[in-house]
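Summary of structural features
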2 protein chains.
Amino acid sequence: MVHREAHARRPSIHDVANSAGVSAATVSKVLQGVATVKPENVQRVFDAVALLGYRIDPLASDLRRAKRRIIGAIVPEFESEFFGSMITQLERLAEQRGYALVAASSRESEAREKEILARMHDWRVSGVVLAPVRNEHGPAAGFMKKNGMTGVLIDRVLADDAFDTVSADSVSASAEVARELVERGHRHILVLGLGEQAATVRARLESFRERALQLAPDTRVDVILSESDVEPLRSSLRDYFAKGERPTAVYSLFLRGTLVALSEFRRRGWHCPNDISLVGFDDAEWMQVTWPAIAAVVQPVRQIAIQAMDVLFRRIEGGGGPPIARLEPCKVLMRESVGSPGNGPHSGGGKRQ
Amino acid sequence: MVHREAHARRPSIHDVANSAGVSAATVSKVLQGVATVKPENVQRVFDAVALLGYRIDPLASDLRRAKRRIIGAIVPEFESEFFGSMITQLERLAEQRGYALVAASSRESEAREKEILARMHDWRVSGVVLAPVRNEHGPAAGFMKKNGMTGVLIDRVLADDAFDTVSADSVSASAEVARELVERGHRHILVLGLGEQAATVRARLESFRERALQLAPDTRVDVILSESDVEPLRSSLRDYFAKGERPTAVYSLFLRGTLVALSEFRRRGWHCPNDISLVGFDDAEWMQVTWPAIAAVVQPVRQIAIQAMDVLFRRIEGGGGPPIARLEPCKVLMRESVGSPGNGPHSGGGKRQ
DNA sequence: ATGAAAGCGCTAACAC
DNA sequence: GTGTTAGCGCTTTCAT
């Protein structure tokens, strides 16, 4: 019986070669599945591998091959369901192709985003899936281009002339939300957004407004945008309500906005949908179990991940052609937080509780 | 002007050496901060580095040093706020010490957990932070021990004789929840749990029951445990209520249980806290903004991460001694979902709406 | 069919 | 102080 001590050096390919009575080159061939090795030796190698518990060091292997089977993924935060499941999906897809996924959080900082990208470049990753903090024109994208990295931009991006992009079709979804609200009779709607993501948020907003006005020209669409943080949004919203504004519905263009809206409703004693209706962009597990359930636009996380990895690997394998811009359709789930204005027992807006 | 083409090979240490007119060894020394290099050459090296945009290949560097500055982190899922911020914290702490964090999700599978661990072993990570799917006795922990990996177990663990452990003091927290509920007059309380995590869940449960009975011996504590999945819990709970059981409070030992409880309350038209009180183990952002806000035990994520990394690096640097078992205190936040039985307008339990 | 030799990018010993 | 040499663990010519 051969017993390796727990802390002994891990067996290298040479240990296997010795044990099998062949050269390291032969071991390598067997392990790569090269067919030109005598069956007997193949057997001896496998036996030695099993005996020693040998496993290839993937990093050393990659070093020699001058190609690392690593995909980098960068997201603005790990804390949200959306990016959490995005990473889960990307990990799954990378592993399916024999790559490891290395994920990192930019923590909503463009500066950090670029640093992480530089680190991934240092690691010589084969490709990167980047969910930029702001949009496709940030310093990180510039870094990628300048250094000839191959990568795909997802989520907070529009079409780009330098990179493939994949994102949720939030523009169509926003139009659909507009239709749902207007059809229910809402004519005064407040839209909440975070301005930093500029183009994407603006696109959602315009799409929403356009459809609403098209269906009912007398619709009033108010907008509160906060530049970068969510707290200013909260105070703007508070001021807005304090002025006496009483929209019958709120559409929040991002998840935290939905939370802010909910908490401000609470603060004023308003209940959905009787006092006000609410729809949020981005779904979350809890939205279906609270009372009332919150209507939401569900992003196709899985589809985005699949398409992103698909195009990424095409590029990695040398596929050429102009950048692709994919848009994956969302689902709009009208839950109980949405009703018709004037139908609730509390409409007219007196405070409650 | 020297312009590198975007796709040119990245400069190696030899390119820098040539450009600076010194040897690769000298470049290495300068970059490692070895003081015994002539200032003039230091300057030449830095100039060459800047000129070529050179950066060390950390993986090649680690290969030679026979020590990879990589920490592995394994969590059961990326989708939750808890593990999401855990990873964020761990990443921050690892980077602080010049290590990269490589995170992976075991997707609640012990088999996969072990595979990931094997992969991290292949990568020769310096250490691992493992949040096991089930507990400290799983195959993954066995693998770590057998292979002499250095690691710390967190979250779903009790003290262990092979590894350092860090987790939330959910036992004390559960006793505190018991006190809060009993003091408010609750004498019939239902506890919801997931049995898979065995020891930890049992410990919370026992601690809760013990304190409740100690404070009020006539307290009735019902328990619904589901073995592994959350759906069976839902049906058990549904049956339980269908039988006519009417506890005045529910304590869920895990987040999804809280969601299940909420949705079953909704199904029956019960509202918190008037019809029933609810406390959940594990806090989430949305719990403060829904109406009513949900009472929760807040886990000290940050503290757990800090302590875990602290002890992990002590081991990595060769620190000996017996395994440490750290327990970090939780906060119990009694929000509006908790009231006193019999005080609400709807007590007595008629269905509503 | 196989192994010796070279080398991926880097660092550590050890001469000088 | 600095360069030469050797080698981390692996793969890949290229002779044989």
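Residues numbered from 1 in each chain as written. Chains lettered and ligands numbered in written order. Predicted model: local features only at pLDDT ≥ 70, side-chain atom pairs only at ≥ 80, totals over all residues. Heavy atoms only, no water.

If you check the shell around DNA strand D, you find 26 residues, and the closest are Ile13(A), Tyr54(A), Arg64(A), Asn41(B) and Arg64(B). When the atoms of DNA strand D within 4 Å of the protein are grouped by moiety, sugar and phosphate amount to 62% of the total. A distance of 3.4 Å separates a base nitrogen of DNA strand D from a polar backbone atom of Ala60(A). Of all the secondary-structure elements, those providing two or more residues to the surface near DNA strand D are α1 (13–20), α2 (24–32) and α4 (58–65) of chain A together with α2 (24–32) and α4 (58–65) of chain B. The greatest single-element share of the surface near DNA strand D, amounting to five residues, is contributed by α4(A). Of the residues belonging to the surface near DNA strand D, the class tally is 10 nonpolar, nine polar and seven charged. (Near = heavy atom within 4 Å. Polar contact = N/O pair within 3.5 Å; in protein donor to acceptor, adjacent residues only side chain to side chain. Helix = DSSP H or I, 4+ residues; strand = E, 2+ residues; numbered from the N terminus. Nonpolar A, V, L, I, M, F, W, Y, C, P; charged D, E, K, R; others polar.)

For the bond from Trp291(A) to Pro292(A), the omega torsion is -5°, close enough to zero to count as cis. One can find Pro292(A) in the loop between β9 (277–281) and β10 (295–298). Cis geometry marks the peptide bond from Cys272(B) to Pro273(B), where omega comes out at -5°. In this structure, Pro273(B) sits in the loop between α11 (255–268) and β9 (277–281).

Before going further, it helps to examine the sheet that holds strand β12 (residues 331–333) of chain A. Residue and element names in this part refer to chain A. One open sheet accounts for six strands, arranged β7-β6-β8-β9-β10-β12; its pairing is mixed. The sheet is open, and its two edges are formed by β7 (220–226) and β12, each paired on a single side. Put simply, the sheet's adjacent strands are angled 15° from each other on average, direction ignored. Two elements, strand β6 (residues 188–194) and strand β8 (residues 249–252), share four bridges in a ladder whose sense is parallel. Each residue of the ladder has a partner; that of Leu-190, found in β8, is Val-250. (Pairing = 2+ DSSP bridges. Axes fitted to C-alpha atoms, helices over the stretch in contact; angles between N-to-C directions.)

Right, let's get into the pairing of strand β2 (residues 100–105) of chain B. Residues and elements named next belong to chain B. The element β2 is largely enclosed, with a buried count of six among its six residues. Residues Ala-100, Val-102 and Ala-104 point to one face of β2 and Leu-101, Ala-103 and Ser-105 to the other, with burial holding for every one of them. When strand β1 (residues 68–75) meets β2, the two strands line up parallel, connected through six bridges. Within β2, the residue paired with Ala-73 across the bridge is Ala-103. Handedness of the crossover joining β1 and β2 through helix α5 (residues 81–96) is recorded here as right-handed. (Buried < 20%, exposed > 50% of the residue type's maximum accessible area, 1.4 Å probe, protein only. Right-handed = clockwise from strand over helix to strand, strands pointing away.)

It is worth spelling out the UniProt feature "domain: HTH lacI-type" (unreviewed entry) in chain A at this point. In this structure's numbering, the residues bearing the UniProt feature "domain: HTH lacI-type" (unreviewed entry) are residues 11–65 of chain A. In this annotation, residues 11–65 of chain A is assigned 71% helix and 0% strand; the end-to-end C-alpha distance for the span is 21 Å. (UniProt positions renumbered as here; feature names shortened; annotations may be inferred.)

On the side of chain B, 58 residues touch chain A, which itself brings 58 residues to the contact. Buried surface at the junction of chain A and chain B, both sides included, amounts to about 5300 Å², of which 54% is carbon and sulfur. Between the two partners, chain A and chain B, sit 22 salt bridges. Here Arg112(B) ties to Glu91(A) by a salt bridge, and the two come within 3.1 Å at their closest N and O atoms. For the pair chain A and chain B, the interface holds 26 residue pairs in polar contact (both at pLDDT 80 or more). Counting residues per element, the ones that place at least two in the side of chain A that touches chain B are α4, β1 (68–75), α5 (81–96), β2 (100–105), α6 (110–122), α7 (139–146) and α11 (255–268) of chain A. No other element matches α5(A), which puts eight residues into the side of chain A that touches chain B. Counted by class, the side of chain A that touches chain B contains 23 nonpolar, 14 polar and 21 charged residues. (Contact = heavy atoms within 4.5 Å. Buried area = accessible area lost by both parts, 1.4 Å probe. Salt bridge = Lys/Arg side-chain N within 4 Å of Asp/Glu carboxyl O.)

Moving on, we get to the relation of the copies chain A and chain B. Of the two same-sequence chains, chain A is brought onto chain B (RMSD 0.1 Å, axial shift 0.1 Å) by a rotation of 180°. Look at the turn and shift together and you get a two-fold axis relating the two. Considering only C-alpha atoms, the residue of chain A closest to the rotation axis is Val102(A), which sits at 2.9 Å. Taken together, the interface assignments show that 100% of the residues at the interface of chain A recur at the interface of chain B, consistent with an identical surface on both copies. (Least-squares fit on C-alpha atoms with pLDDT ≥ 70 in both.)

An α-helix turns once every 3.6 residues. As a result, residues three or four positions apart point the same way. Residue and element names in this part refer to chain A. The end-to-end C-alpha distance of helix α8 (residues 170–183) is 20 Å, a good match for the 20 Å that 14 residues give at a rise of 1.5 Å each. Among all positions of α8, only Ser-170, Ala-173, Ser-174, Ala-175, Val-177, Ala-178, Glu-180, Leu-181 and Val-182 are buried. Of the residues trailing α8, Gly-185 is marked for its positive phi of about 105°. (Expected span 1.5 Å × (residues − 1).)

Attention now goes to the packing of helix α1 (residues 13–20) of chain B against α2(B). Residues and elements named next belong to chain B. Direction vectors running N to C along α1 and α2 enclose 100°, while the axes themselves pass 8 Å from each other. Between α1 and α2, the crossing angle belongs to the class labelled roughly perpendicular. In this structure, α1 contributes Ile-13, His-14, Val-16 and Ala-17 to the contact, and α2 contributes Ala-24, Val-27 and Ser-28. Here the contact of α1 with α2 is composed, by residue class, of five nonpolar, two polar and no charged. (Parallel < 35°, antiparallel > 145°, perpendicular 65-115°, else oblique.)

Another aspect to go through is the side chain of Glu328(A). Residue and element names in this part refer to chain A. Here Glu-328 shows up in strand β11 (residues 325–328). Polar contacts involving the side chain of Glu-328 include one to the side chain of Arg-326, which spans 3.1 Å. Once you skip the residues sitting within four places of it in the chain, Glu-328 turns out to touch Val-166, Ser-167, Ala-168, Asp-169, Pro-300, Gln-303, Ile-304 and Gln-307.

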